[in-house]
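The primary structure of each chain is shown beneath.
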Amino acid sequence: MTTLGTRLHTLLKGRLVGKDSDGRSYYESRKLNRLGGGERRRERWVIYKKGDDPSAVPPEWWVWLHYEADAPVPVSKRHPWQIPYHSNLTGTAKTYHPQGSDYVGGQRAKATGDYESWVPEA
């Protein structure tokens, strides 16, 4: 949920740059702001949907928000490793449990003999 201050700041000083497929809105300031070292650039921010996870920002907008690109990367130019976001499932019924985990039966293959355990010197 956006606060009243954020809504006022966005209304008075922001310019809508675009929206992503999940409905988040991306803004930049209308005027250049002075940063440390005398550099000037436009402030950038995102308005999340209620209950949204900030790590859900898609890669094409992440690079724009962090000043790595002057414009968001078009979805058509995504790289194969830029996969769609999915939430962290830790603590849910869909948590990942590797083979041999006690949560999935605790059965795993015996050691093949190519492993030699460390024994401290006496």
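Refer to the structure printed above.
Throughout what follows, the structure given in this document is the object of discussion. For every chain, the first residue of the written sequence is number 1, and numbering continues from 1 onward in sequence order. Where totals are concerned, whole chains, interfaces and linings use all residues; where local detail is concerned, this predicted model gives features only for residues with pLDDT of at least 70, and gives and counts side-chain atom pairs only at 80 or more. Only hydrogens and water are set aside when side-chain values are computed; all heavy atoms of the structure are taken into account.

Things to note about the environment of Lys31
(1) Moving on: Working definition: helices are DSSP H or I runs of at least four residues, strands are E runs of at least two. Numbering for both runs from the N terminus. Topologically, Lys31 is positioned in the loop between β2 (25-29) and β3 (33-34).
(2) Moving on: Relative accessible area decides the class of each residue, using a 1.4 Å probe on protein chains only: under 20% of the type maximum gives buried, over 50% gives exposed, and in between gives partly exposed. By relative accessible area, which is 65% here, Lys31 ends up exposed.

Here we look at the sheet that holds β2
The strands that make up a sheet are held in pairs by hydrogen bonds between backbone atoms, and each pair lies either parallel or antiparallel.
(1) Moving on: The pairing criterion for strands is at least two bridges between them, as found by DSSP. The sheet built from three strands is open, its strands ordered β1-β2-β5 with antiparallel pairing. Edge positions in the sheet fall to β1 (14-19) and β5 (44-47), since each of these pairs with one other strand and no more. Strand-to-strand twist of the sheet, defined as the mean angle between neighbouring strand axes without regard to direction, takes the value 30°.
(2) Moving on: In this structure, β2 lies alongside β5, joined through four bridges in antiparallel fashion. Opposite Tyr27, over in β5, you have Trp45 as the bridge partner. Axis definition: a line fitted to C-alpha atoms, limited for helices to the stretch in contact. Angles are taken between N-to-C directions and run from 0 to 180 degrees.

So, a nonpolar patch on the surface
(1) Moving on: On the surface, a cluster of nonpolar side chains totalling about 440 Å² of accessible area is made up of Leu4, Leu8, Leu11 and Leu12.
(2) Moving on: With respect to the element layout, Leu12 can be found in helix α1 (residues 4-13).
(3) Moving on: Overall, Leu12 belongs to the exposed group, its relative accessible area being 58%. Like charges are joined within 9 Å and nonpolar side chains (Val, Leu, Ile, Met, Phe, Trp, Tyr) within 5 Å, but only among residues with over 30% relative accessible area and no salt bridge; these make up the patches. Only the protein chains shown count as cover for residues, with accessible areas throughout obtained via the Shrake-Rupley method and a probe of 1.4 Å. Should a side-chain nitrogen of Lys or Arg be within 4 Å of a carboxyl oxygen of Asp or Glu, the pair is scored as a salt bridge.

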